[in-house]
Protein chains: 2
Amino acid sequence: MKQRIAYLHTLAHTKLMKLRNYPFDLHNGADEEMKTRLKRYVCRSHYFSLHYWAQRITDEVLDGLQELADQCRLVEQFKEMKAGEMMNAVAGVKSEQRQVLHTACRDIFSAEPCHAAATDQAVRELGRLRDFLAGLDSGEICNEKGEQFTCLLHVGIGGSDLGPRSVYEALKAFGRSGRRVCFISNVDPDDAAAVLRGVDLSRALVCVVSKSGTTLETLTNEKLISQAYAAAGLESRKHFIAVTGLRSPMDDPDRYLRSFYMFDYIGGRYSTTSMVGMVTLGFYLGYDQALDFLRGAARVDYEAENPDVRTNQPLLLAMLGIWNHSYLDMSTVAVLPYSQALHRFPAHLQQCDMESNGKSINRAGDVIEHMSGPVVWGEPGTNGQHAFYQLLHQGTEVVPCEFIGFRRSQYEEDILVDGTSSQQKLVANLLAQSTALACGRRSDNPNTFFPGNRPNSILLGERLTPEVMGALLAFYEAKIVFQGFSWNINSFDQEGVQLGKVLATRLLEEMKSAERKGQSLEREILKTAEMV
Amino acid sequence: MKQRIAYLHTLAHTKLMKLRNYPFDLHNGADEEMKTRLKRYVCRSHYFSLHYWAQRITDEVLDGLQELADQCRLVEQFKEMKAGEMMNAVAGVKSEQRQVLHTACRDIFSAEPCHAAATDQAVRELGRLRDFLAGLDSGEICNEKGEQFTCLLHVGIGGSDLGPRSVYEALKAFGRSGRRVCFISNVDPDDAAAVLRGVDLSRALVCVVSKSGTTLETLTNEKLISQAYAAAGLESRKHFIAVTGLRSPMDDPDRYLRSFYMFDYIGGRYSTTSMVGMVTLGFYLGYDQALDFLRGAARVDYEAENPDVRTNQPLLLAMLGIWNHSYLDMSTVAVLPYSQALHRFPAHLQQCDMESNGKSINRAGDVIEHMSGPVVWGEPGTNGQHAFYQLLHQGTEVVPCEFIGFRRSQYEEDILVDGTSSQQKLVANLLAQSTALACGRRSDNPNTFFPGNRPNSILLGERLTPEVMGALLAFYEAKIVFQGFSWNINSFDQEGVQLGKVLATRLLEEMKSAERKGQSLEREILKTAEMV
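These numbers were taken from a predicted model, which means no experiment stands behind them.

**Student:** Before we go on, may I ask you to explain the relation of the copies chain A and chain B in this structure?
**Tutor:** Relating one copy of the chain to the other takes a rotation about an axis and a shift parallel to that axis. If you rotate chain A by 180° and push it 0.0 Å along the axis, it lands on chain B with an RMSD of 0.0 Å. When the rotation and shift are considered jointly, the pair of chain copies conforms to a two-fold rotation axis. Across chain A, the rotation axis passes nearest the C-alpha of W377 of chain A, at a separation of 3.4 Å. Both copies contact each other with a shared surface, as 100% of the interface residues of chain A are interface residues in chain B too.

**Student:** Would you take a moment to explain helix 2 (residues 32–40) of chain B for this structure?
**Tutor:** Helical periodicity: at 3.6 residues per turn, an α-helix aligns residues three or four positions apart in one direction. Looking only at helix 2 of chain B, the buried set comprises M34, R37 and L38 of chain B. Across the axial projection of helix 2 of chain B, the buried residues extend over an arc of 100°, all falling on one side. Exposed side of helix 2 of chain B, more than 90 degrees from the buried face: E32 and K39 of chain B are the residues found there. Buried-residue contacts for helix 2 of chain B involve helix 17 (521–531) of chain A together with strand 1 (42–44) of chain B.

**Student:** When you look at the packing of aromatic side chains in this model, what are you seeing that I'm missing?
**Tutor:** Where two aromatic rings form a pair, the distance of their centres and the angle of their planes describe that pair. Per the counting criterion, the structure on display carries 34 aromatic pairs over all chains. Ring geometry for F78 of chain A against F482 of chain A: centres 5.1 Å apart, planes inclined by 35°, an arrangement best described as tilted. Residue F78 of chain A is located in helix 4 (residues 74–82), and its partner F482 of chain A is located in helix 15 (residues 466–486); the two are separated by 404 residues in the primary sequence. The burial state of F78 of chain A is the same as that of F482 of chain A; both residues are buried. Geometrically, the ring pair formed by F475 of chain B and Y476 of chain B is tilted, given 5.4 Å between the ring centres and 55° between the ring planes. For F475 of chain B, a relative accessible area of 1% puts it in the buried group. Grouping aromatic residues by their ring pairs yields a cluster made of Y47, F48, F345, F475 and Y476 of chain A. Note that R179 of chain A overlies the ring of F283 of chain A, its terminal NZ or CZ placed 4.7 Å from the centroid. Positioned above the aromatic ring of Y302 of chain B, the side-chain terminus of K82 of chain B is 3.9 Å from the ring centre.

**Student:** Where do I start with the sheet that holds strand 10 (residues 401–406) of chain A in this structure?
**Tutor:** In any sheet, the strands associate via hydrogen bonds between backbone groups, in a parallel or an antiparallel arrangement. All names here are of chain A. Strands sit in the order 1-2-13-10-8-9 across an open sheet of six strands; the sheet is mixed. Here the strands that pair on one side only, and so sit at the sheet edges, are strand 1 (42–44) and strand 9 (375–377). The average angle at which neighbouring strand axes cross in this sheet is 15°, direction not considered. Here three bridges tie strand 1 to strand 2 (residues 48–51), and the two strands are oriented antiparallel to one another. What sits directly across from R44, in strand 2, is S49.

**Student:** Please clarify how the pattern of salt bridges should be interpreted in this entry.
**Tutor:** Opposite charge on two side chains allows them to pair when their charged atoms are near. Scanning the entire structure with this criterion turns up 66 salt bridges over all chains. Here D137 of chain A and R179 of chain A are joined by a salt bridge, their closest N and O atoms 3.0 Å apart. Here D137 of chain A, found in helix 5 (residues 116–138), pairs with R179 of chain A, found in the loop between helix 6 (162–170) and strand 4 (180–184); they are 42 residues apart in sequence, far enough to count as distant. Classification of D137 of chain A by relative accessible area gives partly exposed; the value is 37%. With relative accessibility at 11%, the residue R179 of chain A sits in the buried group. Here K172 of chain B ties to E169 of chain B by a salt bridge, and the two come within 3.6 Å at their closest N and O atoms. One network of salt bridges, with partners in common, ties together R40, D59, D63 and R310 of chain A.

Definitions and cut-offs
Residues numbered from 1 in each chain as written. Chains lettered and ligands numbered in written order. Predicted model: local features only at pLDDT ≥ 70, side-chain atom pairs only at ≥ 80, totals over all residues. Heavy atoms only, no water. Least-squares fit on C-alpha atoms with pLDDT ≥ 70 in both. Contact = heavy atoms within 4.5 Å. Buried < 20%, exposed > 50% of the residue type's maximum accessible area, 1.4 Å probe, protein only. Helix = DSSP H or I, 4+ residues; strand = E, 2+ residues; numbered from the N terminus. Arc of directions from axis to C-beta. Phe/Tyr/Trp six-rings, centres within 6.5 Å; stacked < 30°, edge-to-face > 60°. Lys NZ or Arg CZ within 6 Å of the ring centre and 35° of its normal. Pairing = 2+ DSSP bridges. Axes fitted to C-alpha atoms, helices over the stretch in contact; angles between N-to-C directions. Salt bridge = Lys/Arg side-chain N within 4 Å of Asp/Glu carboxyl O.

Quick look at the structure:
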């Protein structure tokens, strides 16, 4: 097997451990050095510029991080992943033993894709989707009355929900007129009840998404929605479509108008560019714009193969994160998009990052001696400024921040107030926050003193289009994967979610027994604990 | 001035510092001790039971926390706050110097309210609201065509947005038929554009909320919406209402159909039970149900006056939080409601908690020598289970969890699948997660090993009604305030948000100058930094 080591077993680590004692002091913000840093610490790519002068780094630190990236073989591993190596595995123990090929779903624009077989499968599914969408447009596929479908009800949870949902929300401005999407995910019956109230079932497609075809929440919600269809005198079979694994229990043409497939080599949280997201996005955006979304992702997947930390954006952001988390001991990271459209994107990243890198063993099966992934959280600015930014600026906990912004709005419906547009106000606030966090402010009044030295970076794009959203998604996927490689953990399994599932299933068996109905919570907990 | 000290200057602190070295081991979950703990570590109140056996505490720790609460005079200070003492102040420096009387807004059911004058003002505003709502019902207040208003567009940001929004979302099931509420908060022009697309302006009331009457985002959005009204040939004055401070620039009867008032002694993040939330909730829920919301809050405000840590729920949860954060060094806390209706409640708490307690100086004006408030985050279960729970169970970062659940659903539209209802599944999952986090699981396979000892508590209610939502909100407000008192910080100002505002305003002045338009981001940042 090719060499895989964690950051703390590299030579670079020794160097960085020395440098961590003297992180760059950002207070000297306004002097000549600042000008140099502003120009020097920018990394540009096709879609974004990444401004990182406000990180507590120097050229020496960057050199150390480059060595660390090289010695951990981060980019080589990324390429090995794309080429189909079995990256989802832990040596010596039972593990999923799978390839990790979400990148193949969008590697459809290159004459020589990194993994031809997986890309072939993706292309085949995309072709089937294109035909299906054309059938909807032509009226060939329609409801009982011959009317077109106007709403798609997306039913999934976790990776089958958050990715598609956050991208749909991000691209609402680009939808085809007369079409919308609703989501049901939680097993909470109130989630389904609230959503179903606002949907005309006769004009809705129901897209049920579960790779295994056995997800408790999703199957329960599917039944609940089927009942609603039956009650309305409508036939589920004419409205329900499935996205699932080949030969899963849900792969059943008798139940679904159409089935689209996802494959074992794509994990739920990385599945937005597979049929999991594409059916829903294709319905809403139309096929061509959905393809633009893939185009952006594919381009970033290739940009991320560049071994140079200073010019490979996702690699750079990953390494800055390693510096803040593993060297400067910051335990969380905030993602702060200055774009209301991205309001669910931090939640998606929270999932993708924490489920990938919230681990305690390495890929050799040993308990790790270092911290793995951080807690990821965030809300859009400027809203957050009126909420938790108080702690960011003056709290005792230092939170590194990743700002995301755009020069132009999506709808391009803006207003000049006091001589500036809302979009200008949005960007001005982003820049002001970044600078305030970094430079701080001296004051004799301790209550208006800002300590500064709070590291942050700005990822700036021109406009949040489908293509740019694809790029942004792939950017963060690559960042997460690079960090997982740095900690030498398996970022692609999720054994940590199993125990809760097992206990819940057993507890439900208990609850079923009629004689125990109405039993006290204490008794229920005790029963659960006895099952551990 | 009455004595105010931080936890680390109490005698109890010495005791707790010893106990922190041997936190209770939760692995011994399933034995006899577990039964005792399950029964002993429950705290019941009118609305909730709080189950805290899965905290790493013993009776000795609880005794220590009781002494700490006593020695910090937490409950006395809470009562002093309710009685109108100037709690929003920092000695020796310029500070807001205000009373903190959000509790007075709901102290309207007692014959002898804690602060009669403030409650009188609240009652007066409630009377004006009742009359306004009656006018809407009778058709006396209507649009240009004599039609009733069907939508309320709530325009505010931060404290004027998140509280009302999260409560509205939580109580959607209880709305009056034919009425809905939309929110615009972000200065991002796409936020307004997206919302306005779905609103029939002619049937909408626009409720503009800003205490100061000068909030940049809110005024900008108000102008943008006014323009849309003008473009539709409608008169703003017949649709716009204001919630603002007496004599603020927004207190202008020429511009608004009606103005409702909030007062200096209520901070934005604590203002949901003032007119800030009540106008919107009154419109949607009707006056009587909105009053139920206040009733729940008022009851908890009185329950919180009980000095006994073991029977005062908000005080207990506050002290358990102090134990986890200040003694066991856990830097974040997750709030995990098993109720989709509460999907924005963690964001509200994130604001309320982090803006209140993310501070670095105490109320004597000195820099504190201890950690103040934690990072607060969370998403609803069961969704989160399929997302970040991996890190909660197996990550290297230990995150204390606060579960919230209910026995009955809101809509009471449920389905039996495999012999259990969705609501049962929801509660079973909550209990299973709590137990799994606490007890963990031994395994020879290190990848399926769960370390356990991850502290958590469960707050369980019967059903999330308007009254229970009021109780839940007041519960957390009290918890936050108790923790602030423990750290001896001023939980009621937000000086930390000022610097960013100042810099943004100056940067916008720069952007205005025509010759600088199109200037580079580096130049903009440099300008900003020079202004610090």
